[in-house]
Structures are given as structure tokens and as C-alpha cells.
Amino acid sequence: MSTSTLTNNQQTLADTAGTAAATADVTQGNRPVAGIPGAAAARFRSGARHAGRVLWASGAILLFLLLWELGPTYLAPASTRVFLPPLHVVLEALASLVEKGQLQNHLAASLSRSASGFGIAVVAAVALGLLVAWYRSLDRFLNPLLEVFRNTAALALLPVFTLLLGIGETSKISIVAYAAFFPVLLNTIAGVRTVDPLLIRAARSLGLSSFELFQKVILPSAVPTIFTGIRMAGTSSILVLIAAEMVGAKAGLGYLIVNSQMSFLIPEMYAGILTVSLLGLLVNYLLVAVERHFSRWRTAVGSQAA
């Protein structure tokens, strides 16, 4: 074979390799490889899509805040601005309360009462709910009484709690516990009763004791429903406490709101309302995080099934 023939063959192989490489680059255009400019572009596109989703999800809140800021100034009459100040005025009042330490004191008082009543309600409601759901005879005995109190609004009993327990901390913690008790109780009962009967029969066939059945089958299956009630109870505990603090309290977010209203400190009143909203949102996110922690087995099972 001549030297020119070998040279031509080598050139042909080089052209073929170059064409294959170019084809691979085009093919991998949709699947960028780390270390080349396409990877950075893919990360940029992914970040842009994520930012777009976040912006769309928070769009309603941003529009509401924008309307709150511009509406009192440009849309409402001057007389209304006194009772509905723009958002920046409310934020300035909120910063002033934080700087003076007043907001921290009121927030600490409300959180201590709400956490105490909420904790008592969760422990008592989950324990009673498990017993009522498991023992039908106990359910038939307690159900009429529970239905009576469940359909009695907590705020309707506020005067009763105040008369019997005074205007101190005991009455406020008690009414928070009462308001948070029934959402947790009802969802605990529903969670236990909706456990798949096949799981219970399978567990019994494997020889599990009643305690092991509760620990390994009933409670894990009922956790999502129980936490739905706990989240509802968390919201109820804050709302009822705010109402209770408006009557006969010397500290707390409810006291801050009603005292600011009576003193005609309207921006401070809205600052207290805004704090209550943010507190409720934070509590909900914390409870969702706790629920995910205790429901990790569901994610593991789902990932295995996928």
C-alpha cells in the first residue's frame, strides 16, 4: 500500500471522527455536560424557571401589598387614610414597636399562653382519640357529650372561663386548650378508623401484640390525618387567644391591638394585626415541617414504588 493511500485513509478516519464529535455535541445540546458552557446555560434556565414559579406563587400577596401601599394614597379619600394607613406607615410603626421592645414582650406573652394551651390539647386529644377510636363501647359512651361541647364555640364560653378561673393566665390557657382540643380529637379518631383493615389483619396474622399493632401500624397510618387536626388546632389556638387577650389582659398581641385601637394609634393596631398574620403563617410552616419529619416513611415507600 502506497504512502498516499495511507494518508488518504487517515484523513478519512479523521473526518469521520470529527463528524461523530459534532453529532455528539448536537445530540448532547439538550443534556449539557458539566465543564462546558452548556451546563452553565442549563443551570441558568433551571434557576429562571424556579424563580418564575416562586414569583407566580407569591404574585397574589405582592399584588395585595401593592394595593395596600397605593390604595390609601391614590384611591381612597383623605378621611379613609386615617383609618387605613399605607403599608409603609404600618411597617414604620412595626419597626418602632420592635425598637422599643414592646412587640417582643407582647409576642412572648402570646406565645407562652398559646404554646401551653396547644400542648395540653394535643397530648390530651391524641390520647383520648386513640382510645375512643379503638374501643367502640367508650365511643358510644362519650360521643354524645363530645358532640355537645364540639358544637359549642370556644368564644361563647370565654365569659364562663373568666368567671370560674379569673382574668389571669389560667383562663387564657384553658380556653386555648379547649379550642385546640376538638380538631385534634376528631382527626385522631378519623385517622385511626380509616387505617386499611388489610394492614391490621396482616399485622395480626404475623403475631403482633396490641401495643406493637398501635406502634407499627395504627399510628404511622394515622399520622397524616392527626397532623391535619394539629395544624387546624394551631390556627385556632392563636385566633382564640387573640380574642381572649382583648378582654382583661395586660400583655399580648390581642391586648396590643385593642389598646392601640382605643388609643387611636391606628398604625400600631395594624402592626399588631400584621404580626398575628405572620405568626399564624410561621406556625403553619413549622407544623408542616414536623409532619414531614414524622411521615418520612411515606416518602420512602413512595420512592421505592416509583
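It should be emphasised that the depicted structure is a prediction, and the values quoted were computed from it without experimental measurement.

### Observations concerning the nonpolar core
Link 1 in the chain: In terms of nonpolar packing, the biggest core is built from 43 residues, with Phe118, Ile175, Val184, Leu185, Ile218 and Ile230 touching the most fellow members.
Link 2 in the chain: Among the secondary structure elements, those contributing two or more residues to this core are helix H6 (102–134), helix H7 (136–150), helix H8 (158–165), helix H9 (169–193), helix H10 (197–205) and helix H11 (210–245).
Link 3 in the chain: Aside from chain neighbours lying at most four places away, what touches Ile230 is Phe118, Val122, Val184 and Leu287.

### Quick look at the confidence of the model for the chain
Link 1 in the chain: Scored by pLDDT, the chain comes out at a mean of 79, with 83% of its residues at no less than 70.
Link 2 in the chain: Considering each helix and strand of the chain separately, the mean pLDDT is smallest for helix H1 (residues 3–27), with a value of 47, and largest for helix H5 (residues 87–100), with 91.
Link 3 in the chain: Residue range residues 1–7 is modelled with pLDDT below 50. Its contacts to residues more than four positions away, or to other chains, number two contacts.
Link 4 in the chain: Considering only residues more than four positions removed or in separate chains, one finds that residues 300–306, a stretch of pLDDT under 50, has zero contacts.

### Some details on the packing of aromatic side chains
Link 1 in the chain: The final tally for this structure, using the stated rule, is six aromatic pairs.
Link 2 in the chain: Residues Phe83 and Phe264 carry aromatic rings whose centres are separated by 6.0 Å and whose planes lie at 90° to one another, so their mutual orientation is edge-to-face. You can see Phe83 sitting in the loop between helix H4 (78–81) and H5 and its partner Phe264 sitting in the loop between helix H12 (253–262) and helix H13 (266–294), a full 181 residues away along the chain.
Link 3 in the chain: With centroids separated by 5.1 Å and ring planes inclined at 90°, the aromatic side chains of Phe181 and Phe182 adopt a geometry described as edge-to-face. An identical accessibility class is assigned to Phe181 and Phe182; each is buried.
Link 4 in the chain: Members of the aromatic cluster, each reached through a chain of ring pairs, are Phe161, Tyr178, Phe181 and Phe182.

### With respect to the pattern of salt bridges
Link 1 in the chain: For the structure on display, the rule yields four salt bridges.
Link 2 in the chain: The salt bridge partner of Arg113 is Glu169, with a shortest N-O separation of 2.7 Å. On the criterion of sequence distance, the pair formed by Arg113 in helix H6 and Glu169 in helix H9 is long-range, its members being 56 residues apart.
Link 3 in the chain: Notably, a salt bridge pairs Arg113 with Glu245, separated by 2.7 Å at the nearest N-O pair.

### Regarding the packing of H6 against H11
Link 1 in the chain: Running from N to C, H6 and H11 point in directions that differ by 145°, and their axes come no closer than 8 Å. Read as a crossing pair, H6 and H11 show a hand that is right-handed. Seen from H6, the contacting residues are Ala109, Ser110, Arg113, Ser114, Phe118, Val122, Val126, Leu130 and Trp134; seen from H11, they are Leu213, Phe214, Ile218, Leu219, Ile226, Ile230, Ala233, Gly234, Ser237, Ile238, Leu241 and Glu245.
Link 2 in the chain: Residue composition of the contact of H6 with H11, by class: 15 nonpolar, four polar and two charged.

What counts, and at which threshold
- Residues numbered from 1 in each chain as written.
- Predicted model: local features only at pLDDT ≥ 70, side-chain atom pairs only at ≥ 80, totals over all residues.
- Heavy atoms only, no water.
- Core = buried A, V, L, I, M, F, W, Y, C linked by side-chain atoms within 4.5 Å.
- Buried < 20%, exposed > 50% of the residue type's maximum accessible area, 1.4 Å probe, protein only.
- Helix = DSSP H or I, 4+ residues; strand = E, 2+ residues; numbered from the N terminus.
- Contact = heavy atoms within 4.5 Å.
- pLDDT = per-residue confidence, 0-100.
- Phe/Tyr/Trp six-rings, centres within 6.5 Å; stacked < 30°, edge-to-face > 60°.
- Salt bridge = Lys/Arg side-chain N within 4 Å of Asp/Glu carboxyl O.
- Axes fitted to C-alpha atoms, helices over the stretch in contact; angles between N-to-C directions.
- Left-handed = near helix turned anticlockwise from the far one by under 90°.
- Nonpolar A, V, L, I, M, F, W, Y, C, P; charged D, E, K, R; others polar.

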